[in-house]
Amino acid sequence: MTVLIVEDERTLARELGIFLYQHSFACTVARTAREARDQLADTPFDFVLLDLGLPDGDGLDVLAEAKQNNLTAAVIILTARGAVEDRIGGLELGADDYLAKPFSLPELLARMHAITRRRFGLHKPLVGCGDFELDLQSRRVLHEKTEVTLSVKEFDVLSYLVLHKNRVLTRLQLTEHIWGNLPESGFDSNYIDAHIKNLRKKLSQHADVEWLETVRGVGYKVKL
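Residues numbered from 1 in each chain as written. Predicted model: local features only at pLDDT ≥ 70, side-chain atom pairs only at ≥ 80, totals over all residues. Heavy atoms only, no water.

In the annotation of an unreviewed UniProt entry, the entry for the protein chain reads Two-component system response regulator, and the organism field reads Hymenobacter sedentarius.

Structure, rendered in structure tokens:
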């Protein structure tokens, strides 16, 4: 999943980026309110980690503007401002959670997992998919308790399709989700086609995968 880290403290931004990258998130950093607005206008992120005390403005103003522009990303406010009024203000503007600095990185990750489960109506990290189960927290795919070995990106593609089951996702949407900032990584629909081909090959060694459908000329869909 893609994350925008809005944080002007370079050390913390770097620590967040490294930690989340190790857990398979694609991260972009914005150090000012203006950079954050530009990034949110250009890229459909899955998460925004938002500091309130930015050098050129208030993070709450960024959140308010983003929500007016139909921001769909989950927002977690990260700030040293621990006043109740700030927490209430952020939540009323549409933030999904709030962590006061200093905070634990594993706790942040757990909260991100919890938000993902809530957003997709999941009560536990295991998601059924045909004859397979996806463990979103440990990032494993199981067939009758046997693990199917997938690459990091193959799991990313499959889990994103499963979370959006019965919805057609374009190759561009899948690429943005996995690689994040397209100008940096470049867009080539063959990336997605190759991952889908490998997924079908690996999964079909265990069970039928007719539920993983190609929508010709558009993209892919998990039909469940």
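From this point, things continue past the structure.
Caption draft 1: How the structure looks around the pattern of salt bridges. Applying the stated criterion to the full structure yields 11 salt bridges. Among the salt bridges present, the one from E65 reaches R37, with a minimum N-O distance of 2.8 Å. On the criterion of sequence distance, the pair formed by E65 in helix 3 (residues 59-68) and R37 in helix 2 (residues 33-42) is long-range, its members being 28 residues apart. With a relative accessible area of 33%, E65 lands in the partly exposed category. The residue K202 makes a salt bridge to E154 at a minimum N-O spacing of 2.8 Å. With K202 in helix 9 (residues 189-204) and E154 in helix 6 (residues 152-163), this pair connects stretches of sequence that are 48 residues apart. (Salt bridge = Lys/Arg side-chain N within 4 Å of Asp/Glu carboxyl O. Helix = DSSP H or I, 4+ residues; strand = E, 2+ residues; numbered from the N terminus. Buried < 20%, exposed > 50% of the residue type's maximum accessible area, 1.4 Å probe, protein only.)

Caption draft 2: Local environment of the domain arrangement of the protein chain. The domain boundaries assigned to the protein chain delineate domain 1 (2-120) and domain 2 (126-222). Each of domain 1 and domain 2 has a C-alpha centre, and the two are 26 Å apart. Taken residue by residue, the interface counts 12 residues in domain 1 and 13 residues in domain 2. Buried area between domain 1 and domain 2, both sides added, is near 950 Å², and the carbon and sulfur share of it is 55%. Of all residues in domain 1, the largest losses of buried area upon contact with domain 2 belong to T2, S24 and F120, amounting jointly to 41% of the total for that side. Taken together, the links from domain 1 to domain 2 amount to 0 salt bridges. For the interface between domain 1 and domain 2, the tally reads 3 residue pairs in polar contact (both at pLDDT 80 or more). (Domains from an automatic or database assignment. Contact = heavy atoms within 4.5 Å. Buried area = accessible area lost by both parts, 1.4 Å probe. Polar contact = N/O pair within 3.5 Å; in protein donor to acceptor, adjacent residues only side chain to side chain.)

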